[in-house]
Amino acid sequence: MQCGTSPIVGFRFSLYPMADDFVSIIKGALEEMDTSAVWMHTDDVSTVIRGKQAHVFNVAKALTLHAAKSGKHVALSGTFSAGCPGDNAGDVYLEVDDELLNTDDTKQYVSSQFALYPMNNPSYMEIIYREVDRAKKQGVFNESMHYASGIHGDIHEVFAFYEEAFTNARSEEHRHLVMTVSMSINSPSHEGGR
């Protein structure tokens, strides 16, 4: 396969609840949401989900929100990817219909950072600046920093921005894209910052 030809979107992530009962928070988050529209595998380091873009982002948000509802300080670190050569695990999930299966609309403040990597695209900086400008217009931009951009706000607005940025950064000529995301939720340092 050539770079950029796979229609599968994937998300590999690790979830870190700052709590003694971290295992039950992680397992509860993985078990309590509907993952029937994605391919999923968990090992001793991370979890990967694959499938249609809309379902991958839906499950990623649902998992993060479910863990956050524990009230514990939770961190999440992950990588979204599309167009990876040879990625075909879970391709049967591309036939799933578009109805989103996780619809919890609970409000939750999220502080996060993201970085876009449009692979083999000579105009990559234009793409990154464009999406940072979009974040500013949507009111979710937090701050500029080395190697990432800060994004914050309600979890639904933050994930909506991330999915939109992911879509916009994949051009017709250069469809292999990587986007890293780090999140902090329920942190004591968020007091007054919401």
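Coordinates for the structure precede this section.
So, here's what we can say about the structure.

A few words on the overall build of the protein chain. A count of helices and strands for the protein chain gives four helices and eight strands. Counting helices and strands in the order they occur from the N terminus, the protein chain gives β-α-β-β-α-β-β-α-β-β-α-β. Based on the C-alpha atoms only, the size of the protein chain along its principal axes is roughly 45 × 35 × 30 Å. Burial analysis of the protein chain (194 residues in total) assigns 48% to the buried set. Once local pairs closer than 6 in sequence are excluded, the contacts in the protein chain between residues at least 24 apart make up 81%. When the accessible surface of the protein chain is totalled, it reaches about 10000 Å², and 50% of it is carbon and sulfur. Seen as two clouds, the 15 positive and the 26 negative side-chain charges of the protein chain have centres 4 Å apart.

Okay, the sheet that holds strand β1 (residues 9-17) next. Pairing is antiparallel across the open sheet formed by eight strands, whose spatial order is β2-β3-β1-β4-β8-β5-β7-β6. The sheet terminates laterally at β2 (39-42) and β6 (141-145), the two strands that pair on one side only. In this sheet, neighbouring strand axes are inclined to one another by 20 degrees on average, regardless of whether the strands run parallel or antiparallel. Of the strand pairs in this sheet, β1 and strand β3 (residues 47-51) are connected by five bridges, and their pairing is antiparallel.

When the terminal C-alpha atoms of helix α3 (residues 124-138) are compared, their 21 Å separation across 15 residues agrees well with the 21 Å that a helix rising 1.5 Å per residue should span. Once α3 ends, the next one or two residues include G139, with phi positive near 80 degrees.

On to the layout of surface pockets. As a volume, the largest pocket reaches approximately 260 Å³. Of all elements in the fold, only β1 and α1 (22-32) reach the threshold of two or more residues within the lining of the largest pocket. Of the residues contributing to the lining of the largest pocket, the split by class is eight nonpolar, four polar and four charged. Roughly 200 Å³ of internal volume is contained in the second largest pocket. What lines the second largest pocket is F114, A115, L116, Y117, M125, I128, Y129, E131, V132, Y147, A148 and S149. Put simply, the parts of the chain that give the lining of the second largest pocket at least two residues each are β5 (109-118), α3 and β7 (148-154). Of all the elements, α3 adds the most residues to the lining of the second largest pocket, at five residues. Along the lines of polarity and charge, the residues of the lining of the second largest pocket split into ten nonpolar, one polar and one charged.

Tallied over the entire structure, the rule returns six salt bridges. With a shortest N-O distance of 3.8 Å, D43 and R12 are connected by a salt bridge. You can see D43 sitting in the loop between β2 and β3 and its partner R12 sitting in strand β1, a full 31 residues away along the chain. We classify R12 as partly exposed; its relative accessible area is 39%. In this structure, the salt-bridge partner of D98 is K52, at a minimum N-O distance of 2.8 Å. Remark: K52 occurs in the loop between β3 and α2 (53-68) and D98 occurs in the loop between β4 (74-82) and β5; sequence separation between them is 46 residues. Under the relative-accessibility criterion, D98 is labelled exposed at 57%. Overlapping salt bridges, with partners in common, bring together R130, E131, R134 and E164 in one network.

Conventions and cut-offs
Residues numbered from 1 in each chain as written. Predicted model: local features only at pLDDT ≥ 70, side-chain atom pairs only at ≥ 80, totals over all residues. Heavy atoms only, no water. Helix = DSSP H or I, 4+ residues; strand = E, 2+ residues; numbered from the N terminus. Buried < 20%, exposed > 50% of the residue type's maximum accessible area, 1.4 Å probe, protein only. Contact = heavy atoms within 4.5 Å. Areas by Shrake-Rupley, 256 points an atom, 1.4 Å probe, with all protein chains shown as cover. Lys, Arg positive; Asp, Glu negative; His and termini not counted. Charge placed at Lys NZ, Arg CZ, Asp CG, Glu CD. Pairing = 2+ DSSP bridges. Axes fitted to C-alpha atoms, helices over the stretch in contact; angles between N-to-C directions. Expected span 1.5 Å × (residues − 1). 1 Å grid on protein atoms, 1.4 Å probe; cavity = no way out; pocket = protein on both sides within 12 Å on 5 of 7 lines; lining within 4 Å. Points joined across faces, edges and corners; volume = space filled by probe spheres on them. Nonpolar A, V, L, I, M, F, W, Y, C, P; charged D, E, K, R; others polar. Salt bridge = Lys/Arg side-chain N within 4 Å of Asp/Glu carboxyl O.

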